[in-house]
Amino acid sequence: MSHPNIKSALKILEMLGFPKAQLNTRSALTLLALANVGPKDHFSDAENPLLGITPIMDWVHHSYDVLYAPNSRETFRRQTVHQFRDAGLVLYNPDEPTRAVNSPKAVYQLAPYALKLLRKFDSSAFSDALSGYLKIRGGLAEQYAQARNMHRIPVEIAEGTVLSLSAGNHSQLIKDIIVSFAPHFAPGSRLVYAGDTGEKMGYFDSERLANLGVTVDEHGKMPDVVLHFESKNWLILAEAVTSHGPVDGKRHAELMGLFDGSSAGLVYVTAFPSRSVMGRYLSEIAWETEVWVADAPTHLIHFNGERFLGPYVD
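Residues numbered from 1 in each chain as written. Predicted model: local features only at pLDDT ≥ 70, side-chain atom pairs only at ≥ 80, totals over all residues. Heavy atoms only, no water.

Checked against the element boundaries, Met57 lands in helix α3 (residues 53–64). Look at Met57 and you get buried, because its relative accessible area is 8%. Put simply, Met57 and Thr30 are 27 residues apart on the chain and 7.8 Å apart in space, counted from C-alpha to C-alpha. Those residues in contact with Met57, other than ones at most four positions away along the chain, are Tyr68, Ala69, Ser72, Arg73 and Phe76. (Helix = DSSP H or I, 4+ residues; strand = E, 2+ residues; numbered from the N terminus. Buried < 20%, exposed > 50% of the residue type's maximum accessible area, 1.4 Å probe, protein only. Contact = heavy atoms within 4.5 Å.)

This next bit is on the pattern of salt bridges. Charged atoms that come close allow side chains of opposite charge to pair. Overall, the coordinates contain 10 salt bridges when judged by the stated rule. Of the charged contacts in the structure, one is a salt bridge between Arg251 and Glu254, with a shortest N-O distance of 3.2 Å. Taken together, the residues Arg251 and Glu254, both in helix α9 (residues 249–258) and three residues apart, mark about one turn of the helix. Assessed through its relative accessible area of 9%, Arg251 is described here as buried. Accessibility expressed as a relative area gives 25% for Glu254, which makes it partly exposed. Shared partners join several salt bridges into a network, and the residues in it are Lys221, Glu239, Lys250, Arg251 and Glu254. (Salt bridge = Lys/Arg side-chain N within 4 Å of Asp/Glu carboxyl O.)

Time to look at the pairing of strand β8 (residues 234–240). On any regular strand, side chains alternate: one points to one face of the sheet, the next to the other face. Counting buried positions over the seven residues of β8 gives seven, a clear majority of the element. The sheet contact formed by strand β7 (residues 225–229) and β8 spans five bridges and is antiparallel. Pairing of Val226 across the sheet is with Leu237, part of β8. In this structure, the hairpin formed by β7 and β8 is closed by a connection of four residues, where Asn233 is found at a positive phi of approximately 55°. (Pairing = 2+ DSSP bridges.)

Of note in the backbone geometry, Asn93 takes a positive phi value of approximately 50° without being a glycine. Mapping Asn93 onto the fold places it in the loop between β1 (90–92) and β2 (108–110). Although it is not a glycine, Asn233 adopts a positive phi angle of roughly 55°. Within the secondary structure layout, Asn233 lies in the loop between β7 and β8. Overall, Asn233 belongs to the partly exposed group, its relative accessible area being 29%.

Remark: helix α2 (residues 25–35) packs on helix α4 (residues 73–86), axes separated minimally by 10 Å, with the N-to-C direction vectors making an angle of 65°. You can see that α2 and α4 cross each other, and the crossing is right-handed. On the side of α2, the interface is formed by Arg26, Ser27, Thr30, Leu31 and Leu34, while α4 contributes Thr75, Phe76, Gln79, Thr80, Val81 and Phe84. A breakdown of the residues in the contact of α2 with α4 according to their chemical character gives five nonpolar, five polar and one charged. (Axes fitted to C-alpha atoms, helices over the stretch in contact; angles between N-to-C directions. Left-handed = near helix turned anticlockwise from the far one by under 90°. Nonpolar A, V, L, I, M, F, W, Y, C, P; charged D, E, K, R; others polar.)

Now for the packing of aromatic side chains. If you walk through the whole model with that rule in mind, you get 12 aromatic pairs. Members of the aromatic cluster, each reached through a chain of ring pairs, are Phe43, Phe121 and Phe126. Positioned above the aromatic ring of Tyr113, the side-chain terminus of Lys116 is 5.4 Å from the ring centre. (Phe/Tyr/Trp six-rings, centres within 6.5 Å; stacked < 30°, edge-to-face > 60°. Lys NZ or Arg CZ within 6 Å of the ring centre and 35° of its normal.)

By the element assignment, Asn5 lies in helix α1 (residues 4–15). Residue classification places Asn5 among the buried residues on the basis of a relative accessible area of 9%. Separated by 27 residues in sequence, Asn5 and Leu32 have C-alpha atoms that sit 7.9 Å apart.

This brings us to α9. Among all positions of α9, only Arg251, His252 and Leu255 are buried. What you see down the axis of α9 is that its buried residues fit within an arc of 105°, all on one side. In this structure, the buried residues of α9 make contact with β8 and β9 (265–272). (Arc of directions from axis to C-beta.)

Turning our eyes to something else, we now look at the nonpolar core. In this structure, Leu31, Leu32, Leu89 and Leu110 are the most contacted members of the largest nonpolar core, which totals 44 residues. Among the secondary structure elements, those contributing two or more residues to this core are α1, α2, α3, α4, β1, β2, α5 (112–119) and α6 (126–149). Of all the elements, α2 adds the most residues to this core, at seven residues. Setting aside residues up to four positions removed in sequence, Leu89 forms contacts with Leu13, Leu16, Phe18, Leu31, Phe84, Gln109, Leu110, Ala111, Ala114 and Tyr133. Counting residues in each nonpolar core, the second largest holds 23 residues, with Phe185, Ala240, Ala271 and Leu300 among its members. (Core = buried A, V, L, I, M, F, W, Y, C linked by side-chain atoms within 4.5 Å.)

It is worth spelling out the pairing of β9 at this point. Among the eight residues in β9, eight count as buried, and that is most of the element. In β9, alternate side chains face the same way, and those of Gly265, Val267, Val269 and Ala271 on one face and Leu266, Tyr268, Thr270 and Phe272 on the other are all buried. Summarising the sheet, β8 and β9 pair through seven bridges and their orientation is parallel. Looking at β9, one finds that Ala240 is bridged to Ala271. In the sheet, β9 pairs with strand β10 (residues 290–293) via four bridges, with the strands oriented parallel. Residue pairing across strands places Thr270 opposite Val291, the latter belonging to β10.

Okay, structure coming up:
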């Protein structure tokens, strides 16, 4: 039988209006973890520690002896914690709002008003506190969302069209490729694709890519940026590298397969934020590719081959 605190957490989530998909043991245990309310604790003892997804799962196992498989992390993240965040119940990276979405250091924390509400659950003041919380919840959720959006990275991809990327160094480098690399080395090029760590696809002109003979489903391993250099009919496939993922031999072969059938020539580029970061990956970079460094935007490093910048034809 469920522990009384798990039943109470489910009741709280129900009273907060969460849909049926979030009214389960996983969500209840997540709420207890974020409030640090163990089996012997009362809700009046609630706290709001900073916790990542794996620490939440570890806490659940240690405190309530409920073990979830490691591959359940995405279920916790996408089917519980994201909904808590969107409802304003928890904050995302409040200690460092510019932290990248895919950072292993990402953390969540109970929002201050939610913490105050939970601490009153076992008291006669809870009913009035709940009514007050529900009245302001929409405004709080919007306020928290606006705070998150303040740290997003805007990229103008055409006159009057702005792409908003998730916060983080990786997104900043994607922006640099679009607004700095492209004008220098592919002037007049059109953006075909720009990935976003917070979304499945930040921007994707699938029609233009299809017209060039390439069809890619949304699960394809796209490079971070794809540019169509129209005057030369090249597709520039650029990887933004801040912590991993240069165009090495394996990635070069993957991209060749992914863009097989392209009527445009393929150019492979690895972009780094600085030469110091580039230095970590020099031994991995594939021949017949290009390297661009954001802190020296007018220079390009060519890794051997018969031409400086351009596609290679068998």
